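Residue strings, one per chain:
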Amino acid sequence: MAGDVAKRVLVVEDNELNLKLFCDLLRAHDYVTEGVRDGRDAVERARAFMPDMIVMDIQLPHVTGFELITQIKADDGLKAIPIMAVTAYAGREDEDRIRAAGADAYVSKPISLSRFVDTVSTLLEGAIGAPVAEVVAEAEVEAEAGESEAQSTAEETAVAAEPEATADVSETDGDATP
Ligand code: MN
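Note that this is a predicted model, so its numbers are computed, not measured.

Caption draft 1: Local environment of the pairing of strand S4 (residues 83–87). Summarising burial for S4: 5 of the 5 residues are buried, a large majority. The two faces of S4 match: Ile83, Ala85 and Thr87 on one face and Met84 and Val86 on the other face are all buried. Relative to S4, strand S3 (residues 53–57) is paired through 4 bridges, and the arrangement is parallel. From the neighbouring strand, Val55 faces S4, where its bridge partner is Met84.

Right under this line is the structure:
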């Protein structure tokens, strides 16, 4: 990428370990990153930072990633920014909701570090408007070659330690259940 202006990636992720992992990983690939832990700040931070793309966790407290994607894609100043959703669960219904909200791609947790970076790179190269790319990468954590021991350990810890995921599933999917 020598000579290129570094691409800017806004990362919206409430889990501190995952946020650090994603930002470290992207910075290691020469991207400029900005992290947002509180989804309620995401739209404002996107306007201020004007990223080239957004990594969007779906399971967030206070506001869901689905809602944020919908807001961003309805905003004339932001809607051209590609969004990669990151979700801990990706059944058919979730895939449909992610697509309907307007995300350009998604990856499933536990993430594959190489596919995460590949998907970011693809979106930044302008493969916009293509069908939502399904990048499911279950059980590939140990298979990643070339990543540091520290990153692998951080990833396993981060993915295993997202305690809100189950609660968020019932929140977002339990509309009929009080
Ligand atoms: Mn989360």
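Let us keep going from here.
Caption draft 2: Spatial organisation of the environment of Gly65. Inspection of the secondary structure assignment puts Gly65 in helix H3 (residues 65–73). The class of Gly65 is buried, set by 28 C-beta atoms lying within 10 Å. Discounting chain neighbours no more than four positions away, the residues touching Gly65 are Met56, Asp57, Ile58, Leu60 and Ala85.

Caption draft 3: Inspection of the nonpolar core at higher detail. Of all hydrophobic cores here, the largest spans 38 residues; its most connected members are Met56, Met84 and Ala85. The element best represented in this core is helix H1 (residues 16–28), accounting for 5 residues. When residues no more than four places from it in sequence are discounted, the contact partners of Ala85 are Met56, Ile58, Gly65, Ile69, Ile98, Ala103 and Tyr106.

Caption draft 4: Broad picture of unusual backbone geometry. Here the residue pair Lys109 and Pro110 is connected by a cis peptide bond, since its omega of 0 degrees sits within 30 degrees of zero. Inspection of the secondary structure puts Pro110 in the loop between strand S5 (105–108) and helix H5 (113–124). Of note in the backbone geometry, Asp30 takes a positive phi value of approximately 75 degrees without being a glycine. With 11 C-beta atoms counted inside 10 Å, the residue Asp30 sits in the exposed group.

Caption draft 5: Local environment of the confidence of the model for the protein. Per-residue pLDDT for the protein has a mean of 78; in total, 68% of the residues score no lower than 70. In the model, residues 133–178 has pLDDT below 50 throughout and makes 52 contacts with residues more than four positions away in sequence or in other chains.

Caption draft 6: Quick look at H5. With 12 residues, H5 should reach 16 Å at 1.5 Å per residue; the first-to-last C-alpha distance of 17 Å fits that figure. Turning to H5, its buried residues are Leu113, Phe116, Thr119, Val120 and Leu123. All buried residues of H5 fall inside an arc of 135 degrees around its axis, so they share one side. Gly126, located one to two residues past H5, shows a positive phi value of around 100 degrees.

Caption draft 7: Molecular detail of the packing of helix H2 (residues 42–49) against H3. One can describe the packing of H2 onto H3 by two numbers: an axis separation of 10 Å at closest approach and a directional angle of 40 degrees. The pairing of H2 with H3 is recorded here as oblique in orientation. The two elements H2 and H3 meet at a crossing, and its hand is right-handed. Two secondary-structure elements touch here, H2 through Ala42, Val43 and Ala46 and H3 through Leu68, Gln71 and Ile72. Grouping the amino acids of the contact of H2 with H3 by side-chain chemistry returns 5 nonpolar, 1 polar and no charged.

Caption draft 8: Up close: the environment of Asp104. Relative to the elements of secondary structure, Asp104 occurs in the loop between helix H4 (92–101) and S5. Sequence separation of Asp104 and Met84 is 20 residues, and the distance between their C-alpha atoms is 5.9 Å.

Caption draft 9: Highlighting the environment of Asn15. The topology assignment puts Asn15 in the loop between strand S1 (8–12) and H1. Between the C-alpha atoms of Asn15 and Leu60, which are 45 residues apart in sequence, the distance is 8.6 Å.

Cut-offs used in this document
- Along each chain, the written sequence defines residue order, and numbers are assigned to residues from 1.
- The model is predicted, so local features are restricted to residues of pLDDT at least 70 and side-chain atom pairs to those at 80 or more, both for listing and for counting; the totals for chains, interfaces and linings are taken over all residues.
- Around each residue's C-beta, the other C-beta atoms within 10 Å are counted; 20 or more make the residue buried, 12 or fewer make it exposed, and counts in between make it partly exposed. All C-beta atoms are placed from the backbone.
- By the criteria applied, helices consist of DSSP H or I runs no shorter than four residues and strands consist of E runs no shorter than two, each listed in order from the N terminus.
- Strands qualify as paired when DSSP identifies two bridges or more between them.
- Contact definition: two residues whose C-beta atoms, as placed from backbone geometry, lie within 7 Å.
- The nonpolar core criterion groups buried Ala, Val, Leu, Ile, Met, Phe, Trp, Tyr and Cys residues into a set whenever they are joined through C-beta atoms within 7 Å.
- For every residue, the predictor reports its confidence as pLDDT, a number between 0 and 100.
- The span expected for a helix works out to 1.5 Å for each residue beyond the first.
- Relevant arc is that of directions from the helix axis to the C-beta atoms, nothing else.
- Axis definition: a line fit to C-alpha positions, over the contact stretch in the case of helices; interaxial angles, taken between N-to-C directions, run 0 to 180 degrees.
- Note on terminology: angles under 35 degrees are roughly parallel, angles over 145 are roughly antiparallel, angles of 65 to 115 are roughly perpendicular, and the others are oblique.
- Crossings are sorted by hand: turned counterclockwise from the far helix by less than a right angle, the near helix makes the crossing left-handed, and turned clockwise it makes it right-handed.
- For this classification, Asp, Glu, Lys and Arg are treated as charged, while Ala, Val, Leu, Ile, Met, Phe, Trp, Tyr, Cys and Pro are nonpolar and the rest, including Gly, are polar.

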